[in-house]
Amino acid sequence: MVVPATALEAEYAIAQNGTVYHAAIDLQEQERYDFYEPGFLGDRVPLKVNDVTLSGDCNPCEFAWSGNSAITFARGNYTLSFNAPLHENHFMVVFDEPRNVTISLPHGLDVRNPALGMITPGGLVLPGRENGTAITWNHTKTAEIRFYDEGRESLLYIFANFWIIIAVVLLLPFLLTWRKKG
């Protein structure tokens, strides 16, 4: 009898202030997990995490720290939860094996304006909980977003309107003299 493989899930919830996130990651037949974030050149940079919990068929699920950025535990299936910091409204995760990934943004944070936000290909933006936004990927090894708050979007519109007014003021004398010649 063959048991169908279930899709591994990874869920991330970004806090209201956009400086920290909560992660819940499914682990299947694992005995170690390394906490890292991708560096500038794709290298693994250790990630400082807190509030690490491991849940599964055990009660309580025991783990031991291996160095500053990894935990080890008995081989099995678990859900790993932790909190980690975010930098500059940017979030990226890379996995060794494909997962279904969901990133939840609270009301007030968004990714849909391409001038301010970014989503890696395959990401689908959906309505989230409590007027928030959810971005999902199916069967991916990477997920990345750049998000912004309402204040940045307002500044973008003010900046764009300012330059439109400048363009009109600079073009208006030219257009008026051009009409007189005709």
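It should be noted that the structure appears before, not after, this text.
I will try to describe carefully the structure that is included in this document. As the structure is a prediction and not an experimental result, all values here were calculated from the model.

Moving on to the overall build of the chain. Summing up its helical and strand segments, the chain has one helix and 13 strands in all. The N-to-C order of helical and strand elements in the chain reads β-β-β-β-β-β-β-β-β-β-β-β-β-α. Computed over C-alpha atoms, the radius of gyration of the chain comes to 23 Å, more than 25% over the 16 Å expected from 2.2 N^0.38 for 182 residues, which places it beyond the range of a compact globule. Structurally, the chain occupies a C-alpha span of about 85 × 40 × 35 Å along its principal axes. Relative to its 182 residues, the chain shows a buried fraction of 31%. Counted over contacts in the chain with a minimum sequence separation of 6, partners at least 24 positions apart contribute 70%. Entry remark: accessible area of the chain is about 12100 Å², with carbon and sulfur atoms responsible for 58%.

One pass over the structure, following the stated rule, counts four salt bridges. With a shortest N-O distance of 3.5 Å, Glu31 and Arg75 are connected by a salt bridge. With Glu31 in strand E2 (residues 20-34) and Arg75 in strand E7 (residues 70-85), this pair connects stretches of sequence that are 44 residues apart. A salt bridge links Asp96 to Arg44, with the nearest nitrogen and oxygen atoms 3.1 Å apart. Pair noted here: Asp96 is in strand E8 (residues 90-105) and Arg44 is in strand E4 (residues 44-46), with a separation of 52 residues, a long-range link. For Asp96, a relative accessible area of 60% corresponds to the exposed category. What makes Arg44 partly exposed here is its relative accessible area of 47%.

One finds Tyr12, Tyr21 and Phe82 to be the most contacted residues of the largest nonpolar core, which totals 34 residues. Elements with a contribution of two residues or more to this core: strand E1 (9-14), E2, strand E5 (50-56), E7, E8 and strand E12 (133-146).

Turning our attention to the environment of His22. Positionally, His22 belongs in strand E2. Classification of His22 by relative accessible area gives partly exposed; the value is 36%. For His22 and Tyr12, which are 10 residues apart along the polypeptide, the C-alpha to C-alpha distance reads 5.6 Å. Every residue in contact with His22, bar those within four places of it in the chain, is listed here: Glu11, Tyr12, Ala13, Ser81, Phe82 and Asn83.

Taken together, the side chains of Leu171, Phe174, Leu175 and Trp178 define a hydrophobic patch exposed on the protein surface, amounting to about 460 Å² of accessible area. If you trace the backbone, Leu171 turns up in helix H1 (residues 150-181).

This brings us to the pairing of E7. Both E2 and E7 contribute to a ladder of 12 bridges, which runs antiparallel. In the strand pairing of E7, Tyr21 is matched with Ala84. Looking at chain direction, strand E6 (residues 64-65) and E7 are connected through two bridges and run antiparallel. By the bridge assignment, Trp65 is partnered in E7 with Ile71. The hairpin turn running from E6 into E7, its antiparallel successor, is four residues long, and Gly67 in that turn takes a positive phi close to 80°.

Positioned with a positive phi, Glu29 is a non-glycine residue whose angle comes to about 50°. Tracing the backbone through its elements, the reader meets Glu29 in strand E2. Judged by its relative accessible area of 45%, Glu29 is partly exposed. In this structure, His139 is a non-glycine residue whose phi angle is positive, near 55°. Structurally, the position occupied by His139 is in strand E12.

Thresholds, definitions, all that
Residues numbered from 1 in each chain as written. Predicted model: local features only at pLDDT ≥ 70, side-chain atom pairs only at ≥ 80, totals over all residues. Heavy atoms only, no water. Helix = DSSP H or I, 4+ residues; strand = E, 2+ residues; numbered from the N terminus. Rg over C-alpha atoms; globule rule 2.2 N^0.38 Å. Buried < 20%, exposed > 50% of the residue type's maximum accessible area, 1.4 Å probe, protein only. Contact = heavy atoms within 4.5 Å. Areas by Shrake-Rupley, 256 points an atom, 1.4 Å probe, with all protein chains shown as cover. Salt bridge = Lys/Arg side-chain N within 4 Å of Asp/Glu carboxyl O. Core = buried A, V, L, I, M, F, W, Y, C linked by side-chain atoms within 4.5 Å. Patch = residues over 30% accessible without salt bridge, like charges linked within 9 Å, V, L, I, M, F, W, Y side chains within 5 Å. Pairing = 2+ DSSP bridges.

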